[in-house]
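# Remarks on the overall topology
Here's the letter readout for the chains.
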Amino acid sequence: SEALPPYIFTNSPVYKAGQQRDLCILLLDALNTPTHDQLYARRQMLRYLSKGLSLGERIAVLVLGNSLHLLQDFTDDPRLLQAALSQSGGHSSIWLNEVAPTQADLSPPPELAEMLGSFEREELDFQMRNRVYRTLEAMEAIARWLAAYPVRKNLIWVSASFPLLLDLGDIGYLRTFKDEMEHAARVLTNANVSVYPVDARGLLALNASAEYGGWSALTGGRGTYLDSIQTMSKLAELTGGRAYYNTNDLAWAVQAALEDTAAYYLLAYYPTNREWDKKFRTIQVKVHRRGLKIRHRKGYFALAPPEQQASQEEELL
C-alpha cells in the first residue's frame, strides 16, 4: 500500500500477499475474574507462549477491566505477546465483590435485617447489571473493530464468567439478560467472530456454590457455577465457538481453541421462504458421517436484503 502523508492516519486494515490468516483475540477479563484467578490465567498464557506459535496465528491481547484496553495489536511474535501479558498484572474490578460476608454473632432485629437485606439485593442487582452490560458492550466494541478484517476472527475470552440469570429465590426476584446476550452474539456473528470462552477458575467441584460477584454468598442463590458455565457455553454455541471449563490446564484450552479454528468451511444458501417477517429462523447443518459434531451459526433474522444490510451496518456502528 502507498505511504500516507505526514500526520495522516488510518485504521483501515492493510494486508500483504499470503498473510490473510485467521485472527485470534485474547481477551483477559478482569471485570468478572478475581485477582488470584487473573494471575493464574496470566501464568498459563505465558506458559503457552513460551513454546512459540506453532500454528502461525496472529494474536492480539486485550484486557477488560473497568474499561477495555488494547495491550498488543495483532502479531505473530510471541515475545511481543509475552511482554504485553507481563504488563497486564492483576486488575481489581470495582464491580466484583471478592470478599465473602462475615456472619455476625448476634442476629439483628427483624426490621434491621429486612433493611439490610433490601440494601444488599439492590447493591447486587446494580453490580450484576453493570458487569453484564460492560462485558457485552466490550464484546460488541471488539466486533465493530474486527468487522473490517475479511477473515474469520476467534475471540478467546479468559474469564470467571458470570451467569446471565440473577435468581434471588427467597423473595421471588428474577432478572435475566438473555436478550442482551443474544444481541451481542448477533453483532459478533455478523462480524464473523466466534467466541471461545476459557474458564479462568480452573478445576472446581460440582457443588461449588460461591459465585464471584458475591450474590450467591449473600442471598443463597442456587446453581451459580452451573449457570455461569451455561452462559459461556451458550455464547460459544450462538457464535460457532466452543467453551473450555473445569480444567487447570488453561494453556491447553487456548491451544485447543486455536486448533479448533485451523480448518472450517464457509457455506451459503438462498432461503426459499421469501416472507421477510423479521422473525428469527433457525439453521440446521447435518452430515452423514457418524461421530462428527458441527458448530455453526444458529440462525438469522428474516429481514429483506436492504433491511439486512442496514441492520448489520447499524449494529456495527
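Residues numbered from 1 in each chain as written. Predicted model: local features only at pLDDT ≥ 70, side-chain atom pairs only at ≥ 80, totals over all residues. Heavy atoms only, no water.

## Re the sheet that holds strand β1 (residues 23-29)
Our working rule: Strands are treated as partners if at least two bridges between them are detected by DSSP. Only DSSP runs of H or I covering at least 4 residues are called helices, and only runs of E covering at least 2 are called strands; the numbering of each starts at the N terminus. A fitted line through C-alpha atoms serves as each axis, taken over the contacting stretch for helices, and the angle formed by two N-to-C directions is quoted from 0 to 180°. Between two residues, a contact is recorded if the distance between any of their heavy atoms is within 4.5 Å.
Taken together, the 5 strands give an open sheet; going across it, the order is β3-β2-β1-β4-β7, and neighbouring strands pair in mixed fashion. Each end of this open sheet is capped by a strand with a single partner; those strands are β3 (68-75) and β7 (193-199). On average, each strand axis in the sheet is inclined to that of its neighbour by 15°, with strand direction left out of account. For strand β2 (residues 58-64) and β3, the ladder comprises 5 bridges, and the chain directions are antiparallel. Bridge pairing in β3 places V63 opposite H69. Contacting β1, β2 and β3, helix α2 (residues 78-88) runs over the sheet at an angle of about 165° to β3.

## Things to note about the packing of helix α1 (residues 35-49) against α2
What counts, and what does not: In this scheme, roughly parallel covers angles under 35 degrees and roughly antiparallel covers those over 145, while 65 to 115 is roughly perpendicular and the rest are oblique. Residue classes follow a fixed rule: Ala, Val, Leu, Ile, Met, Phe, Trp, Tyr, Cys and Pro count as nonpolar, while Asp, Glu, Lys and Arg count as charged, and any other residue, Gly among them, counts as polar.
At a minimum axis separation of 10 Å, α1 and α2 run at an interaxial angle of 170°. In terms of axis orientation, α1 runs roughly antiparallel to α2. Residue-level contacts link R42, M45, L46 and L49 of α1 to P78, L81, Q82, L85, S86 and S88 of α2. Here the contact of α1 with α2 is composed, by residue class, of 6 nonpolar, 3 polar and 1 charged.

## Observations regarding helix α7 (residues 250-260)
For the record, the criterion: Only protein chains enter the accessibility calculation, which uses a 1.4 Å probe; a residue whose area is less than 20% of its type maximum is buried, one above 50% is exposed, and one in between is partly exposed.
Most of α7 sits inside the fold, with 8 of its 11 residues counted as buried. Within the span of α7, buried status applies to L250, A251, A253, V254, Q255, A256, A257 and L258.

## Regarding the nonpolar core
As a reminder of what qualifies: In plain words, nonpolar cores are sets of buried Ala, Val, Leu, Ile, Met, Phe, Trp, Tyr and Cys residues tied together by side-chain atoms within 4.5 Å.
In terms of nonpolar packing, the biggest core is built from 33 residues, with L27, F74, V132, L146, L155, W157 and L235 touching the most fellow members. At the level of elements, β1, β2, α3 (110-146), β4 (153-159), α4 (178-190), β7 and α6 (224-239) are the ones that each hand at least two residues to this core. Residue contributions to this core peak at 8 residues, all from α3. For L27, the contacting residues outside a window of four places in its chain are L62, V63, L64, L68, I142, L155, I156, W157 and V158. Core analysis: the next-biggest nonpolar cluster, separate from the first, contains 27 residues, C24, V63, I156 and L258 among them.

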